[in-house]
Amino acid sequence: MDDVDAAVAQISRNMVTSGDWVTPRADGIVFLEKPAMFYWPIAVSLKIFGVHDWAARIPSALSAIGLACLTCAFGAWAFGRRAGLCAGLCMATCVGLFLFTRIVIPDVTLTLTIASAMWAFLRALDEEEPHPRFWAFVLAASLGTGLLLKSLIGAVFPVAAGVLYLFLTRQFFWARTWKRLRPISGLFIALLVAAPWHILATLRNPPYFSIALHGGPGEYHGFLWFFFINEQVLRFLNLRYPRDYNTVPRLWFWLLHFLWLFPWSVYLPAIARLSFKPIERAGRTRLLAICWIGFMLVFFTFSTTQEYYSMPCYPALALLLGSAMAAGGDWIRRGTRVLSVVAGCAGLACITIFFLVRNVPAPGDISSALGHHPSVYTLSLGHMMDLTFDSFAYLRLPLAVAAIALLGGALATFRWVDLRSFLAAALMMVLFYHAARLALVVFDPFLSSRPLAEVVLKSPDGKLIVDHNYWTFSSLTFYTNRDALTLNGRYFNLEYGSYAPGAPDVFIDDTRFKSLWIEPQRYYLEAYQTDLSYFEDLVGRDHLNIVATGGGKLILTNHPLKHVSLGDGDTPPVSNFQKPACKALGIQVKKESPVQSGLFAQYPYLPGRASKGQPFAFQVAVEIRQEI
């Protein structure tokens, strides 16, 4: 799990262990950004299956599967089985759903509730529906669940889209409309679902009421102010404090949907030829989809935008695409040809990169070949900017699998049209996503601190310290199940809760760090390898003992570990990668150990301490010889 995933999983675990299912906490700090329902399914999964990273992802996976099935059923009800199948394929295999479910965020579950609300809205109004009351209650329950998942937008988006639809169809002032939608009883159902948690969270996190339209360091106005005014009003106005997010330029926010909906975005022009007249069920569904998409995109055009914010409109786009694909026509055939060309060019690009990097060395892990652009890390895909040409040497297998998928898809879509081409494109994306999964495995040391956490667990007990940002290194706290002190990191999304009454004192500065580091108690510090020289200047090199390195990060401890002492025959234990270096220096190796500590490192390169291209193992061997 990477930083966001691990932090969310740890918050959910804290609910299980503490028994407090009302107030989310990260590292003991009240964390009020997301409603508690986001964490409840993860906490339940951890309680059932045990504390595992895969268990924390089960709710997101089930939500994605449910969303694809719901879109398929919605499309079949509105347009027929063929269109429903196409809509389900679009939803299940589009790039956006894959990308934005690799991280544990509530948006896919929110999208499921909004799609459920939209379908229930249409079915409650449908004259042929025999159970409108049931669907009116489903609509109300979906709105209440949306409120519990991501606050006001969970209800505002479907309500606004529905109101816009009613105005366009001139049903807003019909008594029959409101009789079928049952807004009064629906309001009570929605409040019954959402209100209890909001009331409890307010009572447990006073002050109860504040109308301040600003926030700043040292200010704490309780749950209600942060959750509604700061997170809803001020965030919409881009005045939220602390500002721990970034925004995508509006034009790119719109254009990137061609990528998020790939490969099905090639059929978007065919939507223009569809009928949106609300004289039949298909036309009414298309018109609602346009209202659904239009309101959300316009809303975020005037607000802050991240890449995944528009995910709730993916089902509407999938419904329109599925309807167009089932109808066929020249624009669908042209789109299929465009897809063949795009997939073919992408496949050839993968092959070209594969051959260009086939002889490029790939020592250590991929972090040594990546660039670093911290200014874009507040975007969900910011780390994509870190890719360099040399980094593709670590991705040879994913490149090969991606090339096979894309070239196979290009040939299949060139040969076939209609349903067979759609199935071929879906299969192409499934194989391509497998290549992406293989790439994520390669990126694991860079994105996650799991290997470092495993070393800490095998080492003597000690208190954890993370440098600057708790979120960045939260996978260390998740895999070790320990709270941590944060060095110079009282900012971003933990800052507000750190000023709450009774908040634990987990934030330290350089002065306190220096005093703690010389105490008899053992401490472990996780930081980026490039910051090693900073800590050498701060506490002295003699007080820094390297426990493990990897992924551009390292673990330091303040006291030497016992197993650093020399082994049998005054020969220190070494790991396999150190053997060649020791042998080259004439050091006889009699014993080996998988534990990485002191002078030993888990990975052969230590940027910031070893010169570029010089193996850290070589430096280790030199220092071993000096010790002997």
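Now for a quick tour of the structure. (Residues numbered from 1 in each chain as written. Predicted model: local features only at pLDDT ≥ 70, side-chain atom pairs only at ≥ 80, totals over all residues. Heavy atoms only, no water.)

**A look at the overall build of the protein**
- Looking only at helices and strands, the protein features 25 helices and 8 strands.
- Counting the 628 residues in the protein, one finds 55% classified as buried.
- Considering only intrachain contacts with a sequence separation of at least 6, the fraction spanning at least 24 residues in the protein is 71%. (Helix = DSSP H or I, 4+ residues; strand = E, 2+ residues; numbered from the N terminus. Buried < 20%, exposed > 50% of the residue type's maximum accessible area, 1.4 Å probe, protein only. Contact = heavy atoms within 4.5 Å.)

**Thoughts on the sheet that holds strand 8 (residues 553–557)**
- Across the sheet, which stays open at both edges, the 6 strands sit in the order 5-4-3-6-8-7 with mixed pairing between neighbours. Here the strands that pair on one side only, and so sit at the sheet edges, are strand 5 (507–508) and strand 7 (545–550).
- Two elements, strand 3 (residues 463–467) and strand 6 (residues 523–528), share 4 bridges in a ladder whose sense is parallel. Bridging from a neighbouring strand, Val 466 pairs with Glu 526 of strand 6.
- Docked against the sheet, helix 19 (residues 450–458) engages strand 3, strand 6, strand 7 and strand 8, running at close to 145° with respect to strand 7. (Pairing = 2+ DSSP bridges. Axes fitted to C-alpha atoms, helices over the stretch in contact; angles between N-to-C directions.)

**Regarding the pairing of strand 3**
- The buried fraction of strand 3 is high, at 4 of 5 residues.
- Sheet topology places strand 3 next to strand 4 (residues 484–487); 4 bridges connect them, and they run parallel. Across the sheet, residue Val 466 finds its bridge partner in strand 4, namely Thr 486.
- Once you follow strand 3 into helix 20 (residues 474–480) and on to strand 4, the crossover reads as right-handed. (Right-handed = clockwise from strand over helix to strand, strands pointing away.)

**Quick look at unusual backbone geometry**
- In this structure, the amide linkage connecting Pro 206 to the following residue, Pro 207, adopts the cis form with an omega of 5°.
- Put simply, Phe 262 and Pro 263 share a cis peptide bond, and its omega is 10°.
- When you line up the elements, Pro 263 lands in the loop between helix 13 (257–260) and helix 14 (281–301).
- One non-glycine residue, Asp 27, lies in the positive phi region at around 55°.
- Checked against the element boundaries, Asp 27 lands in the loop between strand 1 (25–26) and strand 2 (29–30).
- With relative accessibility at 3%, the residue Asp 27 sits in the buried group.
- Phi is positive for Ser 151, close to 60°, though the residue is something other than glycine.
- Position of Ser 151 among the secondary structure elements: in the loop between helix 7 (132–150) and helix 8 (153–168).
- Judged by relative accessible area, Ser 151 falls into the buried class, the value being 2%.

**Details of the pattern of salt bridges**
- Here the structure, examined in full by the defined rule, presents 18 salt bridges.
- For Arg 25, the salt bridge identified is with Asp 20, shortest N-O distance 2.8 Å.
- By relative accessible area, which is 17% here, Asp 20 ends up buried.
- Of the charged contacts in the structure, one is a salt bridge between Asp 505 and Arg 512, with a shortest N-O distance of 3.1 Å. (Salt bridge = Lys/Arg side-chain N within 4 Å of Asp/Glu carboxyl O.)

**Some thoughts on the side chain of Gln 232**
- Within the secondary structure, Gln 232 is located in helix 11 (residues 222–236).
- Using a relative accessible area of 17% as the deciding quantity, one classes Gln 232 as buried.
- Side chain to side chain, Gln 232 and Ser 151 meet in a polar contact 3.0 Å long.
- The contact partners of Gln 232, leaving out residues within four places of it in the chain, are Ser 151, Leu 152, Ile 153 and Phe 227. (Polar contact = N/O pair within 3.5 Å; in protein donor to acceptor, adjacent residues only side chain to side chain.)

**Describing the packing of aromatic side chains**
- Within the structure shown, the criterion is met by 41 aromatic pairs.
- On the basis of an interplanar angle of 50° and a centroid distance of 5.0 Å, the ring pair of Phe 38 and Tyr 39 is categorised as tilted.
- Using a relative accessible area of 9% as the deciding quantity, one classes Phe 38 as buried.
- On the numbers, 5.3 Å between centres and 85° between planes, the contact of Tyr 534 with Phe 535 is edge-to-face.
- Accessibility expressed as a relative area gives 1% for Phe 535, which makes it buried.
- Among the aromatic residues, those joined into a cluster by ring pairs are Phe 100, Phe 157, Phe 253, Trp 260, Phe 295, Phe 299, Phe 300, Tyr 308 and Tyr 309.
- Above the ring of Phe 98, the side-chain terminus of Arg 102 is found at 4.2 Å from the ring centroid.
- Seen from the ring of Trp 331, Arg 334 lies directly overhead, with NZ or CZ sitting 5.0 Å from the centre. (Phe/Tyr/Trp six-rings, centres within 6.5 Å; stacked < 30°, edge-to-face > 60°. Lys NZ or Arg CZ within 6 Å of the ring centre and 35° of its normal.)

**Thoughts on the side chain of Thr 111**
- In this structure, Thr 111 sits in helix 6 (residues 107–125).
- Of the residues examined, Thr 111 reaches a relative accessible area of 0% and is grouped as buried.

**With respect to the packing of helix 8 against helix 14**
- Orientation of helix 8 relative to helix 14, taken along the N-to-C sense of each, is 130°, at an axis distance of 9 Å. By the criterion of interaxial angle, the relationship of helix 8 to helix 14 is oblique. Considering the relative orientation of helix 8 and helix 14, their crossing is right-handed. When helix 8 is examined against helix 14, the residues Val 156, Phe 157, Ala 160, Ala 161, Leu 164, Tyr 165 and Leu 168 are found in contact with a partner set consisting of Arg 284, Leu 287, Leu 288, Cys 291, Trp 292, Phe 295, Met 296, Phe 299 and Phe 300.
- Partitioned by chemical class, the residues of the contact of helix 8 with helix 14 number 15 nonpolar, no polar and 1 charged. (Parallel < 35°, antiparallel > 145°, perpendicular 65-115°, else oblique. Left-handed = near helix turned anticlockwise from the far one by under 90°. Nonpolar A, V, L, I, M, F, W, Y, C, P; charged D, E, K, R; others polar.)

**Considering helix 23 (residues 532–539)**
- For helix 23, the full list of buried residues reads Leu 532, Phe 535, Leu 538 and Val 539. The buried residues of helix 23 occupy an angular sector of 120° when projected down its axis, which confines them to one face.
- Looking at the packing, one finds that the buried side of helix 23 touches strand 3, strand 4, helix 22 (510–517), strand 6 and strand 8.
- Phi turns positive one or two residues past the end of helix 23, at Gly 540, with a value near 95°. (Arc of directions from axis to C-beta.)

**So, the environment of Ala 426**
- Here Ala 426 shows up in helix 18 (residues 418–447).
- When neighbours within four sequence positions are excluded, Ala 426 is seen to be in contact with Leu 89, Thr 93 and Trp 264.

**Observations regarding the environment of Ser 303**
- Locating Ser 303 in the fold gives a position in the loop between helix 14 and helix 15 (314–327).
- Residue Ser 303 is classed as buried on the basis of its relative accessible area of 5%.
- On a C-alpha basis, the gap between Ser 303 and Arg 235 in space is 7.8 Å, while along the polypeptide they are 68 residues apart.
- Ignoring anything within four residues of it in the chain, the contact list for Ser 303 reads Arg 235, Phe 236 and Arg 250.

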